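# Inside the fold
Here is how the chains run, residue by residue.
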Amino acid sequence: MRCLVVYASLNQVHRLKRHIYRGGLYVDMVRAPQCLGVRGCSFALACDPALLPAIRDASKELAIEIRGVFTESPDGYVSLR
Amino acid sequence: MTYLDNAATSWPKPPAVPAAMRGMIEHAGGNPGRSGHRLAMKAGETVYACRENLASLFGVSDPLRICFTSNATESLNLAIKGSLEPGDHVVFSAMEHNSVWRPLRELERCGVRISMVPAGANGIVHCDSIVSQLRRDTRLIVLIHASNVNGALNPVEEVGRIARDRNVRFLVDAAQTAGMVPIDVEAMKIDLLAFPGHKGLLGPQGTGGLYVHDSIRLQPLKHGGTGSDSDSPVQPEFAPDRYESGTLNTPGIAGLNEGVKYLLRHGVAEVQRRERALTERLLAGLAEIQHIHVYGPANAGERTGVISFNIEGRDPVVAADELDRTFDIACRAGLHCAWLAHRTQGTDQTGTVRFSLGALSTEQDVDAGLAAVRTLAQKGKR
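### Let's talk about the packing of helix H9 (residues 316-327) of chain B against helix H11 (residues 363-378) of chain B
Residues and elements named next belong to chain B. It is the contact of H9 with H11, at a shortest axis distance of 11 Å, that shows an interaxial angle of 120 degrees. Between H9 and H11 lies a crossing whose hand is right-handed. Together, Ala319, Glu322, Leu323 and Phe327 of H9 and Ala372, Val373, Thr375 and Leu376 of H11 make up the contact between the two elements.

Given below as structure tokens:
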């Protein structure tokens, strides 16, 4: 089960992905599903839940707003905050 | 062909530039920041890589502060029109290009107050002249880094300090220096840096950008789709999306990325060192030819490789045409879209012939140019 950390734009997701990669971690990028309802079109980092703290730290460090954190479940997506 | 028109656009480009553009169209032709499929995501990766490389080149810590435009003119329009409101005061120099002068004159009609600072006879603007024009309501200083007419280099770092001390926004037109002269926006205290992609940065035409300091929120020049905040009727607040409505020139940016990578590999300081040596060779050669008048600083350390001159008794446009047809030399003549600068150096009625060097110029190019000018000058008046 992976997590989706949603951001406003692909530009922000790229910046975070590269920053996290420099720290030795790999995360994927996806278009955020529309059903998440996070302010229209958005992109997300997709990762193992174990990487969530690193992503939250990176977002804080780069001052990029997280617009939602979700985990995939058999019934859909569950918000983690 | 001997190409001496790099101030208009650089040529040739490193081979990786057209190869990347072709590769982008053939293998990564999606729309970055819109769709989520692999072609689109791959395009987005290239666009972001170019942002990162440009940030590295200009000493920018956050690549998201690099906004893509179609050329330096668009960047300057965004920076100027996005900064100024009726009642604001702006200071600019008498060496500016029309891409600064015309937007400012347009804004003047809407209530923006403008003050033009004179330059010295060699085209260099002095800091004291700028300070003397600053007022309590001065919102912006606009300064060309190096003249596109005579190559005169301006004291950007000193003006940056003055602007920062007085809390005035500082916009630098780097059309002739990006990729040719080392630029560090933090060290030089530059708030807004406008640059073309197709000149010193060695990318294709139709590319350019604007660095926007993270404390600055400009009014966008364009409004529309950004691939973000799509449920909102207004532009996003965050950069670069706020300033990049509409699909980007992704193939162009892929080419630009290769041009910037070339510069990062070779080093802009090394490019400048080479260009300075060629400039000295060209200046020395022109000085030995009778009936030639060269404009701008005599010292290569105070200028770039943009050299304007006239051949006594010859119309510069006719001379440039003859250089092309008879000697296979590409250069530009006329007013170079910078009437103010020509007025400053006293050539607004005549224009000049302009030779301009680039990162890939050679001694052979310089010598071919000199030989042709020597022949034209010896042929006498026409």
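### Things to note about the pattern of salt bridges
Taken as a whole, this structure holds 24 salt bridges over all chains when the rule is applied. Put simply, Asp229(B) and Arg67(A) hold a salt bridge, and the shortest N to O gap is 2.3 Å. Remark: Arg67(A) occurs in the loop between helix H2 (52-62) and strand S4 (68-73) and Asp229(B) occurs in the loop between strand S8 (208-212) and helix H7 (250-266); the pair is interchain, linking two chains. Take Asp229(B) and Arg67(A): they sit in the same class, and that class is buried.

### Comments concerning the domain arrangement of chain B
Residues and elements named next belong to chain B. With domains assigned, chain B is organised as domain 1 (2-10 + 267-378) and domain 2 (16-266). The distance between the C-alpha centroids of domain 1 and domain 2 comes to 26 Å. Counting residues at the interface gives 38 residues for domain 1, matched by 37 residues for domain 2. Roughly 2900 Å² of surface becomes buried between domain 1 and domain 2 when both sides are summed, with 60% attributable to carbon and sulfur atoms. Between the two partners, domain 1 and domain 2, sit zero salt bridges. The tally of links between domain 1 and domain 2 comes to 17 residue pairs in polar contact (both at pLDDT 80 or more).

### What about helix H4 (residues 98-108) of chain B?
Taken residue by residue, H4(B) has Asn98(B), Ser99(B), Val100(B), Trp101(B), Pro103(B), Leu104(B) and Leu107(B) as its buried positions. Close packing links the buried residues of H4(B) with helix H3 (72-83), strand S3 (89-93), strand S4 (113-117), strand S5 (138-144), strand S6 (169-173) and helix H10 (339-345) of chain B.

### Remarks on the nonpolar core
Burial of nonpolar side chains together is a common tendency in soluble globular proteins. Residue and element names in this part refer to chain B. In terms of nonpolar packing, the biggest core is built from 54 residues, with Leu54, Phe58, Ile141, Phe170, Ile190, Leu193 and Leu201 touching the most fellow members. For this core, the leading source of residues is helix H2 (residues 38-58), giving six residues. Both domains that meet at this core, namely domain 1 (2-10 + 267-378) and domain 2 (16-266), each give it at least three residues. When residues no more than four places from it in sequence are discounted, the contact partners of leucine 201 are Leu54, Leu57, Phe58, Ala178, Gly179, Phe195, Pro196, Leu256, Gly259, Val260 and Leu263.

### Some thoughts on the environment of Tyr77(A)
By the secondary structure assignment, Tyr77(A) is in strand S5 (residues 76-79). Residues Tyr77(A) and Leu36(A), spaced 41 residues apart in sequence, show a C-alpha to C-alpha distance of 7.5 Å.

### A short note on empty space enclosed by the protein
Taken as a whole and assessed by the stated rule, the structure comprises six cavities of 30 Å³ or more. Put simply, the largest cavity is a space of about 170 Å³. Lining the largest cavity are 17 residues, with Asn11(A), Pro32(B), Arg34(B), Arg51(B) and Leu248(B) sitting closest to its centre. Looking at the lining of the largest cavity, the elements that each hand over two or more residues are helix H1 (10-22) of chain A together with H2 of chain B. At four residues, H2(B) tops the list of elements feeding residues into the lining of the largest cavity. If you add up the space inside the second largest cavity, you get close to 80 Å³. Around the second largest cavity sit Asn6(B), Ala7(B), Ala175(B), Gln176(B), Met180(B), Lys199(B), Gly200(B), Glu275(B), Gly305(B), Val306(B), Ser356(B) and Leu357(B), which together line it. Here the lining of the second largest cavity is built from residues that sort into five nonpolar, five polar and two charged. Shared between two domains, the lining of the second largest cavity takes at least three residues from each, and those domains are domain 1 (2-10 + 267-378) and domain 2 (16-266) of chain B.

So, how was this worked out
Residues numbered from 1 in each chain as written. Chains lettered and ligands numbered in written order. Predicted model: local features only at pLDDT ≥ 70, side-chain atom pairs only at ≥ 80, totals over all residues. Heavy atoms only, no water. Axes fitted to C-alpha atoms, helices over the stretch in contact; angles between N-to-C directions. Helix = DSSP H or I, 4+ residues; strand = E, 2+ residues; numbered from the N terminus. Left-handed = near helix turned anticlockwise from the far one by under 90°. Contact = heavy atoms within 4.5 Å. Salt bridge = Lys/Arg side-chain N within 4 Å of Asp/Glu carboxyl O. Buried < 20%, exposed > 50% of the residue type's maximum accessible area, 1.4 Å probe, protein only. Domains from an automatic or database assignment. Buried area = accessible area lost by both parts, 1.4 Å probe. Polar contact = N/O pair within 3.5 Å; in protein donor to acceptor, adjacent residues only side chain to side chain. Core = buried A, V, L, I, M, F, W, Y, C linked by side-chain atoms within 4.5 Å. 1 Å grid on protein atoms, 1.4 Å probe; cavity = no way out; pocket = protein on both sides within 12 Å on 5 of 7 lines; lining within 4 Å. Points joined across faces, edges and corners; volume = space filled by probe spheres on them. Nonpolar A, V, L, I, M, F, W, Y, C, P; charged D, E, K, R; others polar.

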